[in-house]
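# Working through the structure, step by step
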Amino acid sequence: MSARNEAARSRRPETRRWWALAAVSLATFMTYLDNNVINVAIPTIQRSLHLSLSGLEWVVSSYLLTLAGLLLVGGRLADVYGRRRLFGVGLAIFTLSSLAAGLAGSGGVLIASRAVQGVGAALLMPATLAIIMATFTNVRERNTAIGIWAAVSALALALGPVLGGLISQHLHWGWIFLINVPIGVITFAIAAFYVDESRAGSAVRQLDLPGLVTSAVSLFALTYALIEGDVSGWTAPLILGAFAVAAVAAAAFGAIEARSANPMVDLSMFRSREFSGGSGTMMIWAFGILGIYFFTSLYLQETLGFSPTKAGLAFVPMALCVAVFAGLAPRVEARAGAHRTVAFGMLLMVVGLVLFARLGLRASYTSLLPGFMLFGAGAGLMNVPLTNAVMQAVPAARVGIASALLNASREVAGLLGITVIGAVFRTRRAGALRAGADPVHAFVDGYHLGLLVTILLLAAGVVVSYVTLRPRAGALTATRESAAVAELTTVDELAGELMVADEVAP
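Residues numbered from 1 in each chain as written. Predicted model: local features only at pLDDT ≥ 70, side-chain atom pairs only at ≥ 80, totals over all residues. Heavy atoms only, no water.

### Considering the overall build of the chain
Helix and strand counts for the chain stand at 19 helices and 0 strands. Across the 506 residues that make up the chain, the buried fraction comes to 53%. Considering only residue pairs separated by 6 or more positions, the chain has 84% of its internal contacts joining residues 24 or more positions apart. Accessible surface, the chain: about 21000 Å² in total, of which carbon and sulfur atoms supply 68%. (Helix = DSSP H or I, 4+ residues; strand = E, 2+ residues; numbered from the N terminus. Buried < 20%, exposed > 50% of the residue type's maximum accessible area, 1.4 Å probe, protein only. Contact = heavy atoms within 4.5 Å. Areas by Shrake-Rupley, 256 points an atom, 1.4 Å probe, with all protein chains shown as cover.)

### Quick word on the nonpolar core
Counting residues in each nonpolar core, the largest one holds 134 residues, and the members touching the most others are Ile 45, Phe 87, Leu 110, Trp 285, Tyr 299 and Leu 300. No other element matches the 13 residues that helix α4 (residues 53-81) contributes to this core. Those residues within four positions of Tyr 299 in sequence are excluded, and the remaining contacts are Leu 304, Leu 359, Gly 360, Ala 363, Phe 443, Val 444 and Tyr 447. (Core = buried A, V, L, I, M, F, W, Y, C linked by side-chain atoms within 4.5 Å.)

### Topic: helix α18 (residues 439-468)
Between the first and last C-alpha of α18 there are 43 Å, a value that for 30 residues agrees with the 44 Å anticipated at 1.5 Å per step. For α18, the capping residue at the N-terminal end is Asp 438, with a side-chain oxygen 3.1 Å from the backbone nitrogen of Val 440. (Expected span 1.5 Å × (residues − 1). Polar contact = N/O pair within 3.5 Å; in protein donor to acceptor, adjacent residues only side chain to side chain.)

### Here we look at the packing of aromatic side chains
This structure, assessed with the given rule, holds 6 aromatic pairs. Aromatic side chains Trp 173 and Phe 177 sit 6.4 Å apart centroid to centroid with 85° between the ring planes, which places their arrangement in the edge-to-face category. As far as burial versus exposure is concerned, Trp 173 and Phe 177 are alike and both buried. Pairing Phe 356 with Phe 372 gives two aromatic rings, centres 4.9 Å apart and planes at 85°, and the pair type is edge-to-face. Linking Phe 356 in helix α15 (residues 338-357) with Phe 372 in helix α16 (residues 365-391), this pair joins segments that are 16 residues apart in sequence. (Phe/Tyr/Trp six-rings, centres within 6.5 Å; stacked < 30°, edge-to-face > 60°.)

### Concerning the packing of helix α14 (residues 316-336) against α16
One can describe the packing of α14 onto α16 by two numbers: an axis separation of 7 Å at closest approach and a directional angle of 35°. Every pair of crossing elements has a handedness; the one defined by α14 and α16 is right-handed. In terms of residue class, the contact of α14 with α16 is built from 19 nonpolar, 3 polar and 1 charged. (Axes fitted to C-alpha atoms, helices over the stretch in contact; angles between N-to-C directions. Left-handed = near helix turned anticlockwise from the far one by under 90°. Nonpolar A, V, L, I, M, F, W, Y, C, P; charged D, E, K, R; others polar.)

### Remarks on a nonpolar patch on the surface
A surface patch of nonpolar side chains, about 220 Å² in accessible area, is lined by Val 213, Val 217 and Val 245. As for its placement among the helices and strands, Val 245 is situated in helix α11 (residues 237-259). (Patch = residues over 30% accessible without salt bridge, like charges linked within 9 Å, V, L, I, M, F, W, Y side chains within 5 Å. Salt bridge = Lys/Arg side-chain N within 4 Å of Asp/Glu carboxyl O.)

### Notes on the side chain of Ser 215
Looking at the element boundaries, Ser 215 is found in helix α10 (residues 209-232). Those residues within four positions of Ser 215 in sequence are excluded, and the remaining contacts are Leu 72, Val 73, Phe 253 and Met 264.

### As for the environment of Gly 120
Here Gly 120 lies in helix α6 (residues 107-135). A relative accessible area of 0% means that Gly 120 is categorised as buried. On a C-alpha basis, the gap between Gly 120 and Phe 94 in space is 4.5 Å, while along the polypeptide they are 26 residues apart. The residues contacting Gly 120, other than those within four sequence positions of it, are Gly 90, Ile 93 and Phe 94.

### Side note on the environment of Ile 256
Examined against the element boundaries, Ile 256 turns out to sit in helix α11. Given a relative accessible area of 25%, Ile 256 falls into the partly exposed group. When the C-alpha atoms of Ile 256 and Thr 214 are compared, they prove to be 8.9 Å apart, with 42 residues separating the residues in sequence. Look past the residues within four positions of Ile 256 in its chain and what remains in contact with it is Asp 208, Pro 210, Gly 211 and Thr 214.

### Some words on the pattern of salt bridges
When the charged atoms of two side chains lie near each other, side chains of opposite charge can form a pair. Within this structure, the stated rule accounts for 2 salt bridges. Linking Arg 16 and Asp 196 is a salt bridge whose minimum nitrogen-to-oxygen distance equals 2.6 Å. With a gap of 180 residues between them, Arg 16 in helix α2 (residues 14-36) and Asp 196 in the loop between α9 (180-194) and α10 connect regions that are remote in the sequence. Here Arg 17 makes a salt bridge to Glu 141, at a shortest N to O gap of 3.0 Å.

### Side note on the packing of α14 against α15
The geometry of α14 relative to α15 is characterised by a closest axis approach of 7 Å and an angle of 125° between their N-to-C directions. Classified by the angle their axes make, α14 and α15 are oblique. Note on element contacts: α15 touches α14 through Ala 338, His 339, Arg 340 and Thr 341, opposite Val 332, Glu 333 and Ala 336. Grouping the amino acids of the contact of α14 with α15 by side-chain chemistry returns 3 nonpolar, 2 polar and 2 charged. (Parallel < 35°, antiparallel > 145°, perpendicular 65-115°, else oblique.)

### Examining the environment of Arg 114
Examined against the element boundaries, Arg 114 turns out to sit in helix α6. Judged by its relative accessible area of 1%, Arg 114 falls in the buried class. In terms of polar contacts, Arg 114 uses its side chain to reach the backbone carbonyl oxygen of Val 59, at 2.9 Å.

### Remarks on the confidence of the model for the chain
Per-residue confidence for the chain averages 79 on the pLDDT scale, and 87% of its residues sit at or above 70. Here helix α19 (residues 475-504) stands out as the least confident element of the chain, with mean pLDDT 39; helix α5 (residues 83-102) is the most confident, with 93. A low-confidence stretch, residues 1-12 (pLDDT under 50), is modelled with 14 contacts involving residues beyond four sequence positions or located in other chains. Within the model, the stretch residues 476-506 combines pLDDT values under 50 with 18 contacts to residues more than four positions away or in other chains. (pLDDT = per-residue confidence, 0-100.)

What follows is the structure in structure tokens.
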């Protein structure tokens, strides 16, 4: 009887799993929203706090610096000390620092609060995906859960400008941070009741302190160099020194991990074609898209004359398409395979950007819709099977660090994209100005060249994803067998729950 009761306790009721998903999805929404909700409100914040240009840049950059620098640390700590525990700690830090940021009365307090927000997000983000992997053992349900998680993530990125524009125009700018407080409290309450603890097996539940330190130093230095390089100059001694520190720390990290009995990052993960190819595809996507996303916001406001609110609303159709197609992605993946689904999604994004590249100075809201909607459809299709492929390529004990690697690759590649595509944009614009073009035409010339670079990158991503995510010989049979086992497991769980209900019935 005790064995049966233990089995019954281990079975997770249907509603409990989905409430756990709600908690991690809400937390993900907050952290992704903070990546770009501030961009539209920057002028208002500058006027309110009397910030210099350098101070204003660090309001944005301090969050990215601590987030990118500590993501791997957060992922490993979650695996070792428990994903639920790190989720709660990260959520508490993020919520309290959001309160401090919203009430900040000076630039220094705001910058410090944003940096602490990044620390909370770095602890929180890797745990969310790891909790999903541990919570949903049924393959079909797990794919659906990851689809919802990915849709919420993309929605947060797309809705950031909308909320930022509405708040900065109609409310005090502090509410772009204060909205996190009630969401954080609700999320914490849900997680306390419905998220169960999970961690790595005892054999790998040890901290690799040298690995933690060298990875954080490398990511901090690289992120700092990418943020400050455009301001200080790429050949400035401080920037060259930061790149050198990043390279040395990365080399030391690789050497430490190769020799450690309990490495922070098991380098054998990168031997998996699916893990390496999927992570590379994510980096290509982030490099191109997060880079051009920033300049599209400028194009809408500075060239087309959209207000902050209207510019934000222009992204809503894309957000809706992301949500719809993320929900459809698991079904498409089941029929077409991950490699075809991801490649087709990236191809749709390429087509959407090509439509954008055809627009000029007189584009209207209606003419923007086809490009936005195709881009959103492609992003929704590719993110779910891509995340599935990467996470399923690693052992269950390593899902926290795998999630951290996926997030870190996206953040760093996104910063690199903003840097490189920004350099392309500025070089082309400066050349057009020297040739006699007016500032508006020069801006569009630079924007179009940046779009072309992004299109070429995503086209390469189509090939990379198709080749690296293709199923291996015999994988189709294994997938069908896994699906059959998953169905049997679901039936077994249902039968077990009915038996328990029968036993406890009066």
